[in-house]
Amino acid sequence: SDQPHPNQNTLSLSLSLSLSVLSFNMNKLTIFTLLLLPLLVAGECTCDPEMEEGANKAEALKYKLAAFASILIASAIGVSLPILGKFLPALKPENNIFFLIKAFAGGVILATGFIHILPDAFDHLSNPCLSKNPWRSFPFAGFIAMVSAIGTMIVDSLATGNYKRVHFSGKPSAVNDQEQMVGDADQHEGHVHVHTHATHGHAHGSAIIIDDASGLSDLDRNRVISQVLEVGILVHSVIIGISLGASESPKTIKPLVAALTFHQFFEGLGLGGCISQAKFESRAITIMGIFFSLTTPIGIAIGIGISTAYNENSPTALIVEGIFNSASAGILIYMALVDLLAADFMNPRMQSNLRLQFGANFSLLLGSGFMALLAKWA
């Protein structure tokens, strides 16, 4: 018979419905998979050492040696310029141009902490190669940076208190010290006369300027600032040196050579300005300058030595670099804002000079903007 059997119609209808449902579900599954695929790919992590794209050890070594030399020279020049300012009248701390240089350097250090170091710390400590608990379930980078900034403040405060206890123990106040100095000056003709004020004691013609609020002379405070600042810079400098030295890709190293050369030069300017104000002995100045100049090149040398075994995506490397970068960021941000910029911008000399204020603000924006731009390459 040409007529289809009823059972055949039912079977065909059931089969058609089943295929339609299956096709609908497959389409939904396909769409879901396509939507999920980018997330799956983004979540993948290759934590094993791999050959870098465009790796060429021989050519990379040439760029590393060039980076070693250029960064060493730039760091030495940057840190030396403010220190040698005592031989150049225009760069002496008592001149207005020194405020502009310090504002520029403060902007450089602030941008280094916020834009160069802290984002790297977040990348390292939230990397998929680390276990979710505890590293990726808590913002450790921000936490460590905060603790580091608080720790820097505590060190700053303890140093101030220790100086006050050692040098002013048994004396009611620094004003009494000044009165005693006045009495001594009156007994000896030709000695420096000291003017006492309600808030500050100024010994004109001498190197002692005492801040009654803290009991710490400007000179000693500048020494504390320069030493703490150098610690934060050195830690970061070694890490970036190791990262550059461990890379085997000329394509990666090329832009870093110029960027890190400028980076270290401007950081050197900031540190050198603080060292020059601290007026250390020549031996201490030389040691601090040499340490700063050599840290990144030494880091490059270490990176070259461990390049065959170093895996930047290993959990140990990520954790160590992340923690040190976070700590460095906290130190530099605190020092830039509190001890470098706030101290100068609240200085009565600057606040009474509108032209100097404008120049310092422009220098600050120029320094921070220039350093922020370098983040495009390093």
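Rules of the game
- Residues numbered from 1 in each chain as written.
- Predicted model: local features only at pLDDT ≥ 70, side-chain atom pairs only at ≥ 80, totals over all residues.
- Heavy atoms only, no water.
- UniProt positions renumbered as here; feature names shortened; annotations may be inferred.
- Helix = DSSP H or I, 4+ residues; strand = E, 2+ residues; numbered from the N terminus.
- Buried < 20%, exposed > 50% of the residue type's maximum accessible area, 1.4 Å probe, protein only.
- Axes fitted to C-alpha atoms, helices over the stretch in contact; angles between N-to-C directions.
- Parallel < 35°, antiparallel > 145°, perpendicular 65-115°, else oblique.
- Left-handed = near helix turned anticlockwise from the far one by under 90°.
- Contact = heavy atoms within 4.5 Å.
- 1 Å grid on protein atoms, 1.4 Å probe; cavity = no way out; pocket = protein on both sides within 12 Å on 5 of 7 lines; lining within 4 Å.
- Points joined across faces, edges and corners; volume = space filled by probe spheres on them.
- Nonpolar A, V, L, I, M, F, W, Y, C, P; charged D, E, K, R; others polar.
- Expected span 1.5 Å × (residues − 1).
- Bend = angle between axes of the 7 residues up to and from the residue.
- Core = buried A, V, L, I, M, F, W, Y, C linked by side-chain atoms within 4.5 Å.
- Phe/Tyr/Trp six-rings, centres within 6.5 Å; stacked < 30°, edge-to-face > 60°.

- Going by an unreviewed UniProt entry, the chain carries the name Zinc/iron permease and comes from Dillenia turbinata.
- Per UniProt, the chain carries the Subcellular location (unreviewed entry) text "Membrane".

### Structural notes on the environment of Pro-82
Then comes step 1: With respect to the secondary-structure elements, Pro-82 resides in helix α2 (residues 57-83).
Then comes step 2: Classification of Pro-82 by relative accessible area gives buried; the value is 8%.
Then comes step 3: The spacing of Pro-82 and Ile-275 is 193 residues in sequence and 8.2 Å in space, taken between C-alpha atoms.

### Regarding the packing of helix α7 (residues 250-278) against helix α8 (residues 282-306)
Helix-helix packing is described using two parameters, namely the angle between the two axes and the distance between the axes.
Then comes step 1: In the contact formed by α7 and α8, the axes pass within 11 Å of each other and the chain directions differ by 165°. Here α8 runs roughly antiparallel to α7, going by the angle between their axes. Seen along the crossing, α7 lies across α8 with a hand that is right-handed. Taken together, the residues of α8 that come into contact with α7 (itself represented by Gln-264, Glu-267, Gly-268, Leu-271 and Ile-275) are Ile-285, Met-288, Phe-292 and Thr-296.

### Comments concerning empty space enclosed by the protein
Then comes step 1: All told, the structure shown has two cavities of 30 Å³ or more when counted by the stated rule.
Then comes step 2: There is about 50 Å³ of room inside the largest cavity.
Then comes step 3: Of all the elements in the fold, those that place two or more residues in the lining of the largest cavity are α3 (96-125) and α7.
Then comes step 4: Residues of the lining of the largest cavity, tallied by class, amount to five nonpolar, three polar and one charged.

### Topic: the UniProt feature "transmembrane region" (unreviewed entry) in the chain
Then comes step 1: UniProt records the feature "transmembrane region" (unreviewed entry) for residues 63-85, 97-118, 138-159, 287-310, 322-342 and 354-375 in the present numbering.
Then comes step 2: What you have in residues 63-85 is 91% helix and 0% strand, and the ends, taken at the C-alpha atoms, are 33 Å apart.
Then comes step 3: Annotation note: span residues 97-118, helix share 100%, strand share 0%, distance between end C-alpha atoms 31 Å.

### Some details on α2
Then comes step 1: Its 27 residues place the ends of α2 39 Å apart at the C-alpha level, agreeing with the 39 Å of an ideal helix rising 1.5 Å per residue.
Then comes step 2: Where α2 is concerned, the buried positions are Ala-60, Lys-64, Ala-67, Ile-71, Ala-74, Ser-75, Gly-78, Val-79, Pro-82 and Ile-83.
Then comes step 3: On its buried face, α2 sits against α6 (218-246), α7 and α8.

### Side note on α7
Then comes step 1: Over its 29 residues, α7 extends 41 Å from the first C-alpha to the last, a length consistent with the 42 Å expected when each residue adds 1.5 Å.
Then comes step 2: When the local axis directions of α7 are compared, the greatest deviation, roughly 30°, occurs at Val-257.
Then comes step 3: Immediately downstream of α7, the backbone of Lys-279 shows phi near 50°, a positive value.

### Topic: unusual backbone geometry
Peptide bonds are mostly trans, and most non-glycine residues show a negative phi.
Then comes step 1: Omega for the peptide link from Asn-133 to Pro-134 comes to 5°, which places this bond in the cis form.
Then comes step 2: The backbone phi angle of Lys-279 is positive, close to 50°, even though this residue is not glycine.
Then comes step 3: Given the relative accessible area of 54%, Lys-279 is considered exposed.

### Observations regarding the packing of α6 against helix α9 (residues 315-345)
Then comes step 1: Contact pair α6 / α9: the axes reach a minimum separation of 9 Å and the direction vectors enclose 145°. Handedness of the crossing formed by α6 with α9: left-handed. Listed contacts from α9 to Arg-221, Ile-225, Val-228, Leu-229, Gly-232, Ile-233, Val-235, His-236, Ile-239 and Ser-243 of α6 are Glu-321, Phe-324, Asn-325, Ser-328, Ile-331, Leu-332, Met-335, Asp-339 and Leu-340.
Then comes step 2: Considered class by class, the residues forming the contact of α6 with α9 number eleven nonpolar, five polar and three charged.

### A closer look at the environment of Met-288
Then comes step 1: One can find Met-288 in helix α8.
Then comes step 2: Since its relative accessible area comes to 10%, Met-288 is described here as buried.

### Description of the nonpolar core
Then comes step 1: Within the largest apolar cluster, 37 residues are counted, with the highest numbers of intra-cluster contacts made by Leu-229, Leu-271, Ile-275, Met-335 and Phe-345.
Then comes step 2: For this core, the secondary-structure elements that each account for two or more residues are α2, α3, α6, α7, α8, α9 and α11 (354-374).
Then comes step 3: It is α9 that provides the largest number of residues to this core, a total of ten residues.
Then comes step 4: Residue contacts for Met-335: discarding those within four places in its chain leaves Thr-152, Ile-225, Val-228, Leu-229 and Leu-340.
Then comes step 5: Ala-67, Ile-240, Leu-244 and Ile-300 belong to the second-largest nonpolar core, a separate cluster that totals ten residues.

### Quick word on the packing of aromatic side chains
Then comes step 1: Within this structure, the stated rule accounts for seven aromatic pairs.
Then comes step 2: Ring centres of Trp-135 and Phe-140 lie 5.1 Å apart, and the angle between their planes is 50°; on these two criteria the pair is classed as tilted.
Then comes step 3: The interplanar angle of 70° and the centroid separation of 5.8 Å between the aromatic rings of Phe-138 and Phe-143 together place this pair among those described as edge-to-face.
Then comes step 4: Residue classification places Phe-143 among the partly exposed residues on the basis of a relative accessible area of 38%.
Then comes step 5: Here the aromatic cluster, defined as three or more aromatic residues joined through ring pairs, consists of Phe-104, Phe-262, Phe-265, Phe-266 and Phe-370.

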